[in-house]
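One-letter residues, chain by chain:
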Amino acid sequence: MAPPKGRIPLDADGRFSGYASVFNRRDDGGDVVMPGAFARSLARRRNRIRMLFQHDPKEPVGIWDSIAEDGHGLFVAGHLVPGVERADALRRLIAEGALDGLSIGFRTVRATKANGLRQLWQIDLYEISIVTFPMLEDARIARPDLATGAAIAAATQSIRN
């Protein structure tokens, strides 16, 4: 039986996945992340990218197990650390569908302007946060069945390109 609409089942280890960024989509700040923007940063610091709550460096809540660019965007999978008060609360909020936003914390390395938008070609990624209101509407934690399907579709599109 599928979970009720809006609910996101987490496993016993508090694992979840989704897209922290989606390529070629305008966010609320007028930024558009371009394909390949994360490549250098991920090669350099993949295991040091932090999972925070609301971009607060005093609120680490988990660990990113996997961060990778695919044809759709920046796909992430991670887990909340049990016993951390905020992480335990987030586990319940995510499971009930009350919280599902993701947002990236970065420094711009290379960008251009086009049609009033800032195109981000290279960024230095240092954290990915669970947030209430993401700047990019499609940056969301996904139900496991949807996350897997999106990852497969994006990988297939990448292969075709």
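An account of the accompanying structure is given in this report. All residue numbers refer to positions counted from 1 along the written sequence of the respective chain. Side-chain atom pairs in this predicted model are given and counted only at pLDDT of 80 or more, local residue features only at pLDDT of at least 70, and totals for whole chains, interfaces and linings cover all residues. Note that the side-chain values use all heavy atoms of the structure and ignore hydrogens as well as water.

As for the overall build of the protein chain
Filter applied, for reference: Helix numbers and strand numbers start at the N terminus; a helix is a DSSP run of H or I with at least 4 residues, a strand a run of E with at least 2. Note on contacts: a residue pair is in contact if any heavy atoms of the two residues lie within 4.5 Å. To be clear on the numbers: accessible area is Shrake-Rupley with a 1.4 Å probe, and residue cover counts the displayed protein chains and nothing else.
Tallying secondary structure elements over the protein chain gives 3 helices and 8 strands in all. Counted over contacts in the protein chain with a minimum sequence separation of 6, partners at least 24 positions apart contribute 68%. Carbon and sulfur atoms make up 52% of the accessible area of the protein chain, which amounts to about 8800 Å² in all.

Observations regarding the packing of aromatic side chains
To be explicit about the condition: Aromatic pairs are defined between Phe, Tyr and Trp rings, using the six-membered ring for Trp, whenever the two ring centres lie within 6.5 Å; interplanar angles under 30 degrees are classed as stacked, those over 60 as edge-to-face, and all others as tilted. Relative accessibility thresholds used throughout: buried, under 20% of the residue-type maximum; exposed, over 50%; partly exposed, between the two (1.4 Å probe, protein chains only).
In this structure the tally under the stated criterion is 3 aromatic pairs. Pairing F16 with W64 gives two aromatic rings, centres 5.7 Å apart and planes at 75°, and the pair type is edge-to-face. Of this pair, F16 sits in strand β1 (residues 15-22) while W64 is found in strand β4 (residues 56-69), placing the two residues 48 residues apart along the sequence. Residue F16 shares its accessibility class with W64, and that shared class is buried. Look at Y19 and F75: their rings are 5.1 Å apart centre to centre, the planes differ by 65°, and that puts the pair in the edge-to-face class. One end of the pair, Y19, is in strand β1; the other, F75, is in strand β5 (residues 73-80), and 56 residues separate them in sequence. The residues Y19 and F75 share a single accessibility class, namely buried.

Quick notes on the pattern of salt bridges
The condition that has to hold: Any Lys or Arg side-chain nitrogen found within 4 Å of a carboxyl oxygen on Asp or Glu counts as a salt bridge.
Going through the model one piece at a time under the given rule, you end up with 9 salt bridges. The salt bridge partner of R86 is E59, with a shortest N-O separation of 3.0 Å. Here E59 lies in strand β4 and R86 lies in helix α2 (residues 85-95), a separation of 27 residues in the sequence. Overall, the relative accessible area of 34% leaves R86 in the partly exposed class. By relative accessible area, which is 18% here, E59 ends up buried. We note a salt bridge from D100 to R140, for which the minimum N-O separation is 2.6 Å. Of the two residues, D100 sits in the loop between α2 and β6 (101-114) while R140 sits in the loop between β7 (117-131) and β8 (141-142), which places them 40 residues apart along the sequence. When its relative accessible area of 24% is taken as the criterion, D100 is described as partly exposed. Sharing partners across several salt bridges, the network here consists of R44, R45, R107 and D124.

A word on the environment of R86
Spelled out, the test is: Polar contact is the term for a pair of N or O atoms within 3.5 Å; when the atoms are in protein, one must be able to donate a hydrogen and the other to accept it, and sequence-neighboring residues count only if both atoms are side-chain atoms.
Along the backbone, R86 and E59 are 27 residues apart, and their C-alpha atoms lie at a distance of 7.6 Å. Discounting residues that sit within four places of it in the chain, R86 has contacts with F53, E59 and V61. A distance of 3.0 Å separates polar atoms of two side chains, one belonging to R86 and the other to E59.

Digging into the pairing of β4
Where we set the bar: Paired strands, in this sense, are two strands between which DSSP finds at least two bridges.
Judged from the 3 bridges that link them, strand β3 (residues 50-53) and β4 form a sheet pairing that is antiparallel. Pairing of M51 across the sheet is with G62, part of β4. The pairing of β4 with β5 spans 7 bridges and is classified as antiparallel. Across the sheet, residue S66 finds its bridge partner in β5, namely A77.

Describing the nonpolar core
Our working rule: Side-chain atoms within 4.5 Å are what join buried Ala, Val, Leu, Ile, Met, Phe, Trp, Tyr and Cys residues into a set we call a nonpolar core.
In terms of nonpolar packing, the biggest core is built from 34 residues, with L74, I128 and I130 touching the most fellow members. Elements with a minimum of two residues in this core: β1, β3, β4, β5, α2, β6 and β7. Top element by residues in this core is β7. It accounts for 5 residues.

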